[in-house]
Amino acid sequence: MWLQLTLAVLCWNSAIADIDRRRNSNPTYYNVGGVLSSNESVAFFKDTISNLNFKDKYVPRGVTYHDYSILMDPNPIMTALNVCKDLIAHRVYAVIVSHPITGDLSPAAVSYTSGFYHIPVIGISSRDSAFSDKNIHVSFLRTVPPYSHQADVWVDVLKHFNYMKVIVIHSSDTDGRAILGRFQTTSQSVDEDVDRKVVVEQVIEFEPGLDSFNEKLIDVRSAQARVFLMYASKTDAEIIFRDATYMNMTTSGYVWMVTEQALDAANAPEGLLGLRLVNATNEHAHIQDSIYVLASAIREMNKTEEINAPPSDCDNSGSIWQTGQVLFDYIRRQRLENGATGHVAFDDHGDRVHAEYDMVNIRAEGEHVAVGKYFYSKETQKMRLELKEHEIIWMGRSSSKPEGFMIPTHLKVVTIEEKPFVYARRVDDILDCTSEEIPCPHFNISEEADQLYCCKGFCMDLLTYLSRAINFTFSLALSPDGQFGSYAFKNISQPGSKKEWTGLIGELVYERADMIVAPLTINPERAEFIEFSKPFKYQGITILEKKPSRSSTLVSFLQPFSNTLWILVMVSVHVVALVLYLLDRFSPFGRFKLANIDGTEEDALNLSSAIWFAWGVLLNSGIGEGTPRSFSARVLGMVWAGFAMIIVASYTANLAAFLVLERPKTKLSGINDARLRNTMENLTCATVKGSAVDMYFRRQVELSNMYRTMEANNYDNAELAIQDVKDGKLMAFIWDSSRLEFEAAQDCELVTAGELFGRSGYGVGLQKGSPWADLVTLAILDFHESGIMESFDNKWILQNNMLNCEENEKTPNTLGLKNMAGVFILVLAGIIGGIVLIVIEVVYKKHQIKKQKRMEIARHAADRWRGAVEKRKTLRAAILPSQRRAKSNGLKEAGSISLVVDRGARRRDEVPRIPRYSPAYTPDVSHLVI
């Protein structure tokens, strides 16, 4: 700690010692040069330097100032030589230069000569803007402001009189262009009066040395502005005033404000307002302020800087005097609160600021009367304007302030097609427009031809009412590029390209139109360039999407129950049927037992009848036969009937909820929906390129991720985006709530999601400083109060469609074929199944009949064979005794008897001949059996 303090003290002492060393090494004599216009000024310069040495405020003790001065020579070359011989040779630290009585180049010669060595030059009368260029006049300062600084006074005067649109007339020389540039910069600077910016309607530039100004004045006669700001020399001003007076442009209603040179024109008209610099010709006052500023700078510089001696010879160029550069910066930073010419200060270019002006009014016979002043206020430390308005005599000897503009009675109005505010219908002839439509041609940029349209809608009715209320006529046209307008680079590939407005805004900004009547959103970006009326409709931003329709499949009727429950129901039916069969089968009081006793087995409850009974109870169909007989089975049947009642009631209720009462809700909850903030690949959202909604998303930092995603999907117009939402190609379209609510009212399949955000309003757009702005605003406020706006809403936006959609929301949905198609398919499947089964049954039955026929044939054949066998057995039983007797009586007799018997048998019975009996023989009847 002590070590750090010790080091700090040592460093401080070292710095103090270094400053003392520099101070001791700095010179104690300072020579100041002067190039003045008269002997009186030279004498005053010497006296002021002498008196300065006795002023401790400016000169420290031990320092002395000496003066060296010469008279200004009209010849600039002689002036430069005299500066080298009489001033630089005496090592002057700075030169104070005046302006010659005749000639304009001598101060420049002094600046060039001294500036070569970086010797500071303080001008006390040169006001040309060229001296502000530090690339040429590297070390030049001045206690008088350049002529271009009068533009600052102009801006304050115009705002005081509320003249927001002007015409600037200036010469094409350096000062003329400088005053125009400064005026445009100052008038558009952002300050506390951000809404009160002066607009230059037209600029007229002329070459000095005019012969006639008529052609230029003819071009501005049709302009709205009647306030002329003019910078011109005295001779040029006389030509301009002559021609303006001849064209009656210096009469009542016109306002002319001029700079100091033009104020001295011999034919300056009565009522002219001009500026005059205070102490502009008081050379002694400027000499005094210049010397005191220089002394203050050297005193301050002596404290911290090392001052080297200035150069003493123009013949030896040597090196640049570094001390001169430092001294210039010190002089530029000085301020004199109570100088002889007022508050003395300099800007970065070394030009005088806070100079005071008088506002002069030209009276009869060329009398100049001061009616105000522009001065530095010590309280606010700003320039302040004070005017005596009641003493001003205006053009035409009027005592009342002119309006400053001419209100045109015919306006060019532009609009854009945007339902329901503007409907555009293509026609072949303007006569095809109906009584409620307004002709609105559209200039097709690609075809370079006009296309005829008829427009109607909310905004067209508003335009008609405005024209009647504030008394103007209009011609209507559609936006050339079909866009509201965006502020972007037109040709990005070209270097130095600037941003430009397109669409409706561009038509207004570049004065190709006077008014925009369209659903134009009021936002800060547009309000900076155009003027808006009060909103004629308040709205916000919302999201449009298509209602998500619940998919209806062929098995929609199965949705009330889950798959598990359906399986359990199916299993329960067959389990209950099986148990019913078993209970009735084994119960002593069942139909099966009674059937055995009574002999009526067909009435017994078999398994098929039990299944039929279980399904019949579940499906609430009549059961005609096959009911259980036993008490135990009937108890189970009643429980099953209760189960079926509950299942059927639950199914019916859920089916109504699924197919009728349930309504799909929006997929998005609003702009804060997580799927929008972190957009997924399958969720596309978009807006319109360059629209107010697009600008809103660019402003909102928290929506930057969402904007980067949706920027690639943005559409050229709202119509295409809305159609894609209807077609399902776009999931969410972000746009003005008025339009989207109208679309949702027109098509009940569309719905807006979430609450409104980015609330704003639609306004009528006008040019900056338009005289119609206040009139349009008052008319719109009157329309709101009288209910006209509400009638527009009912006619064009609501159209009773919103009510119909709300009624549809309250009524249940009607089931359609797509909801119940599965049921019909189930019936069709049952019919087809029945047909297939009956075909199978018929085929099977025919097969059984054939089989039965074959069995009958086989059985019949077997019976015949059996009968034949029996007959043979009987015959054999009758023949055997005879054979035995024949053996005993002889072979012949036996043979004859056998033959007789055989023939007799054939005749009687037609029995085929049977071979001799053998025990091993059996007839083959296999071919008779199927």
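Definitions and cut-offs
Residues numbered from 1 in each chain as written. Predicted model: local features only at pLDDT ≥ 70, side-chain atom pairs only at ≥ 80, totals over all residues. Heavy atoms only, no water. Helix = DSSP H or I, 4+ residues; strand = E, 2+ residues; numbered from the N terminus. Buried < 20%, exposed > 50% of the residue type's maximum accessible area, 1.4 Å probe, protein only. Polar contact = N/O pair within 3.5 Å; in protein donor to acceptor, adjacent residues only side chain to side chain. Contact = heavy atoms within 4.5 Å. UniProt positions renumbered as here; feature names shortened; annotations may be inferred. Phe/Tyr/Trp six-rings, centres within 6.5 Å; stacked < 30°, edge-to-face > 60°. Lys NZ or Arg CZ within 6 Å of the ring centre and 35° of its normal. Expected span 1.5 Å × (residues − 1). Disulfide = S-S within 2.5 Å. Pairing = 2+ DSSP bridges. Core = buried A, V, L, I, M, F, W, Y, C linked by side-chain atoms within 4.5 Å. Patch = residues over 30% accessible without salt bridge, like charges linked within 9 Å, V, L, I, M, F, W, Y side chains within 5 Å. Areas by Shrake-Rupley, 256 points an atom, 1.4 Å probe, with all protein chains shown as cover. Salt bridge = Lys/Arg side-chain N within 4 Å of Asp/Glu carboxyl O. Lys, Arg positive; Asp, Glu negative; His and termini not counted. Charge placed at Lys NZ, Arg CZ, Asp CG, Glu CD.

Caption draft 1: Region of interest: the side chain of Ser533. With respect to the secondary-structure elements, Ser533 resides in the loop between strand 27 (531-532) and strand 28 (537-546). Taking relative accessible area as the criterion, Ser533 reaches 4% and is therefore assigned buried. In terms of polar contacts, Ser533 uses its side chain to reach the backbone amide nitrogen of Val764, at 3.0 Å. Ignoring any residue separated from it by four or fewer positions in sequence, one finds Ser533 in contact with Ile522, Gly763, Val764, Val776, Thr777 and Ile780.

Caption draft 2: Looking closely at the UniProt feature "binding site: L-glutamate" (unreviewed entry) in the chain. According to UniProt, the "binding site: L-glutamate" (unreviewed entry) feature falls on Pro519, Thr521, Arg526 and Asp736. Among the secondary structure elements, Arg526 is positioned in helix 14 (residues 524-527). Classification of Arg526 as buried rests on a relative accessible area of 1%. Filtering out sequence-adjacent residues up to four positions away, Arg526 remains in contact with Phe484, Gly485, Trp501, Ile505, Leu520, Thr521, Phe532, Gly690, Ser691, Ala692 and Met695. With respect to the element layout, Asp736 can be found in strand 30 (residues 732-736). Every residue in contact with Asp736, bar those within four places of it in the chain, is listed here: Thr521, Gln539, Gly540, Val693 and Tyr762.

Caption draft 3: Seen up close, the packing of aromatic side chains. Tallied over the full model, the rule gives 32 aromatic pairs. An angle of 70° between the planes, with centres 5.3 Å apart, marks the rings of Phe421 and Phe458 as edge-to-face. A residue pair is termed long-range when its members are at least 10 positions apart, and Phe421 in the loop between strand 17 (410-415) and strand 18 (423-426) and Phe458 in helix 12 (residues 458-470) qualify at 37 residues. You'll find Phe421 and Phe458 in the same group, each marked buried. Pairwise contacts between aromatic rings join Phe421, Phe458, Tyr465, Phe536, Tyr762, Phe783 and Phe792 into one cluster. Lying across the ring of Tyr330, Arg333 places its NZ or CZ 4.6 Å from the centre.

Caption draft 4: Highlighting helix 3 (residues 76-87). Its twelve residues place the ends of helix 3 15 Å apart at the C-alpha level, agreeing with the 16 Å of an ideal helix rising 1.5 Å per residue. Within the sequence span of helix 3, burial applies to Thr79, Ala80, Asn82, Val83, Cys84 and Leu87.

Caption draft 5: Spatial organisation of the state of the cysteines. Summed over all chains, the structure comprises three disulfides. Residue pairing for Cys84: its cysteine sulfur links by disulfide to Cys314, the two sulfurs lying 2.2 Å apart. Taking the torsion about the S-S bond as the criterion, the Cys84 to Cys314 disulfide, at about -95°, is left-handed. Here Cys84, found in helix 3, pairs with Cys314, found in the loop between helix 10 (283-304) and helix 11 (322-332); they are 230 residues apart in sequence, far enough to count as distant. One disulfide bridge connects Cys433 with Cys454, the sulfur atoms lying 1.7 Å from each other. Judged by the torsion about the S-S bond (-80°), the Cys433/Cys454 disulfide is left-handed.

Caption draft 6: Local environment of the sheet that holds strand 30. Pairing within the open sheet is mixed, and its four strands lie in the order 29-30-28-31. Edge positions in the open sheet fall to strand 29 (685-686) and strand 31 (750-762), since each of these has one partner strand only. Judged from the eight bridges that link them, strand 28 and strand 31 form a sheet pairing that is antiparallel. Each residue of the ladder has a partner; that of Glu545, found in strand 31, is Val751.

Caption draft 7: Representation of the nonpolar core within the structure. Counting 52 residues, the largest nonpolar core has Val35 and Tyr65 as the members making the most contacts within it. In terms of residues, this core owes the most to one element, helix 10, which gives nine residues. Leaving out residues up to four positions away in the same chain, Tyr65 has contacts with Tyr30, Val32, Ile49, Leu52, Asn53, Val59, Ala295 and Ile298. In this structure, Leu508, Leu520, Phe697 and Ile734 belong to the second largest nonpolar core, which totals 45 residues.

Caption draft 8: Quick peek at the pairing of strand 14 (residues 357-362). Taken across its six residues, strand 14 has five buried, putting it largely inside the fold. Strand direction decides the pairing type here: strand 10 (residues 273-277) and strand 14, joined by five bridges, are antiparallel. Its bridge partner lying in strand 14, Leu275 is registered against Met359. Here strand 14 pairs with strand 15 (residues 368-377) via six bridges, running antiparallel. Paired with Met359 across the two strands is Gly372, which belongs to strand 15. The turn linking strand 14 back onto strand 15 is made up of five residues, and Glu365 within it adopts a positive phi angle of 60°.

Caption draft 9: Representation of a positive patch on the surface within the structure. Together, Lys846, Lys850, Lys853 and Arg854 line one region of the surface with positive charge. For Lys846, the position within the fold is in helix 27 (residues 817-889).

Caption draft 10: Broad picture of the pairing of strand 11 (residues 336-339). Bridging between strand 11 and strand 12 (residues 342-346) involves two bridges; their strand directions are antiparallel. What sits directly across from Gly339, in strand 12, is Gly342. Where strand 11 folds back onto strand 12 in an antiparallel hairpin, the turn is made up of two residues.

Caption draft 11: Quick look at unusual backbone geometry. Across the junction of Lys419 and Pro420, the peptide omega takes the value -5°, indicating a cis bond. Counting through the fold element by element, Pro420 comes out in the loop between strand 17 and strand 18. If you check the backbone angles, Arg91 has positive phi at about 55° while not being a glycine. In this structure, Arg91 sits in the loop between helix 3 and strand 3 (92-97). Note on Arg91: relative accessible area 37%, which makes it partly exposed.

Caption draft 12: Layout of the pattern of salt bridges. Within the structure shown, the criterion is met by 25 salt bridges. Across the salt bridge formed by Asp461 and Lys795, the nearest N and O atoms sit 3.2 Å from each other. Of this pair, Asp461 sits in helix 12 while Lys795 sits in helix 25 (residues 788-798), and the two are 334 residues apart along the sequence. Residue classification places Lys795 among the partly exposed residues on the basis of a relative accessible area of 42%. Between Glu507 and Arg512 there is a salt bridge; the shortest N-O distance is 3.2 Å. The exposure class assigned to Arg512 is partly exposed, which follows from its relative accessible area of 42%. Several salt bridges share partner residues, and in doing so they unite Glu418, Glu719, Lys726, Arg739 and Glu743 into one network.

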